[in-house]
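Here are the chains, one letter per residue:
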Amino acid sequence: MQPHTVIDAMIILERDRHVLLAERSGTGYADGLLNLPSGKVDPGESVLDAAAREAREEVGVTIRPDALRPVHVMHYRNPEGQPRIGWFFATRVWAGTPTNAEPHKCAGIPWHPADQLPENTVPYNALGIAHYLKGEPFSVHGW
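Source: prediction; values computed, not measured.

Definitions and limits used
Numbering of residues starts from 1 in each chain and follows the order in which that chain's sequence is written. In keeping with the predicted nature of the model, local features appear solely for residues at pLDDT of at least 70, side-chain atom pairs appear and are counted solely at 80 or more, and the whole-chain, interface and lining totals rest on all residues. Hydrogens and waters are ignored; side-chain quantities use all the structure's heavy atoms. Two strands form a pair only when DSSP identifies at least two bridges running between them. Strands here are runs of E lasting at least two residues and helices are runs of H or I lasting at least four, both read from the DSSP assignment and numbered beginning at the N terminus. Buried Ala, Val, Leu, Ile, Met, Phe, Trp, Tyr and Cys residues that are joined via side-chain atoms within 4.5 Å together make up what is termed a nonpolar core. Here's how the labels work: a residue is buried when its accessible area is under 20% of the maximum for its type, exposed when over 50%, partly exposed in between, all with a 1.4 Å probe on protein chains only. For this analysis, residues touch if any pair of their heavy atoms sits within 4.5 Å. Within this document, salt bridges are pairs made up of a side-chain nitrogen of Lys or Arg and a carboxyl oxygen of Asp or Glu, the two lying within 4 Å of each other. Multiplying 1.5 Å by the residue count of a helix minus one yields the expected span of that helix. It is the directions from the helix axis to the C-beta atoms that the arc portrays.

1. What to know about the pairing of strand 6 (residues 69-77)
Bridge count for strand 6 against strand 7 (residues 83-91) is eight bridges, and the pairing is antiparallel. Residue pairing for strand 7: Met74 is matched across the bridge by Gly86. Counting the residues between successive antiparallel strands, the hairpin from strand 6 to strand 7 contains five residues, one of them, Gly81, with a positive phi of roughly 90 degrees. With four bridges joining them, strand 6 and strand 10 (residues 138-141) adopt parallel strand pairing. Each bridged residue has a counterpart across the sheet, and for Val73 the counterpart in strand 10 is Phe138.

Here it is as structure tokens:
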């Protein structure tokens, strides 16, 4: 039986052509890699509400759902082969200063040029950002 497809919400916080990435640490999954503030959509939650919640939980900023622009959707398989659908939302509008709101899961939240991401960026996050920068609204990876 095919496992359930997970829906992820990824938030591209933009500032001066840079994006905010979080360095995973102490999670047991992809530790040492950089990823966008992101997470799974909870049952009964809209993808917009999930994105706003994850931004608040992970980097301490408040984003109104109507300030999130859908910029890319990716259907992919993660390294374990699980099917996922990733919604990438971009915004330049939020309340508060980004901070590491989950120091037990994150070693830091550096800003990086959107078009020059570090090599240790989680691959599907880097792909989603690259598709966004090219104006490509949809992609499929790992099938």
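2. A word on the nonpolar core
Ranked by internal contacts, the top residues of the largest apolar core, which has 17 residues, are Leu13 and Ile63. If you list the elements that add at least two residues to this core, you get strand 1 (6-15) and helix 1 (47-59). Tallying contributions element by element places helix 1 first for this core, with four residues. Residues within four places of Ile63 in sequence aside, it is in contact with Ile11, Leu13, Ala52, Ala55, Leu68, Thr91, Val93 and Trp94. Formed by 16 residues, the second largest nonpolar core is a distinct cluster that contains Ile12, Leu21, Tyr76 and Tyr132.

3. With respect to the pattern of salt bridges
For the coordinates displayed, the defined rule picks out eight salt bridges. In this structure, Asp66 engages Arg64 in a salt bridge whose closest nitrogen and oxygen atoms are separated by 2.9 Å. Pair check on accessibility: Asp66 and Arg64 agree, each one exposed. Taken together, the salt bridges that share partners define one network made up of Asp42, Glu45, Arg53, Glu54 and Glu57.

4. Digging into helix 1
In this model, helix 1 (13 residues) spans 18 Å end to end at C-alpha, consistent with the 18 Å of a helix rising 1.5 Å per residue. Among all positions in helix 1, only Ala50, Ala51, Ala52, Arg53, Glu54, Ala55, Glu58 and Val59 are buried. Among the residues trailing helix 1, Gly60 stands out with phi positive, at a value near 70 degrees.

5. Observations regarding the environment of Pro70
Residue position: Pro70 is located in strand 6. For Pro70 and Ile12, which are 58 residues apart along the polypeptide, the C-alpha to C-alpha distance reads 10.0 Å. Sequence-distant contacts of Pro70, defined by excluding residues within four places in its chain, comprise Trp87, Phe88 and Phe89.

6. Concerning helix 2 (residues 123-133)
Note that an α-helix has 3.6 residues per turn; residues three or four places apart therefore point the same way. Along helix 2, the residues classified as buried are Tyr124, Asn125, Gly128, Ile129, His131 and Tyr132. Looking down the long axis of helix 2, one finds its buried residues gathered within 160 degrees of arc, a one-sided arrangement. Buried residues belonging to helix 2 abut strand 1, strand 2 (18-20), strand 4 (34-35), strand 6, strand 7 and strand 10. Once helix 2 ends, the next one or two residues include Gly135, with phi positive near 75 degrees.

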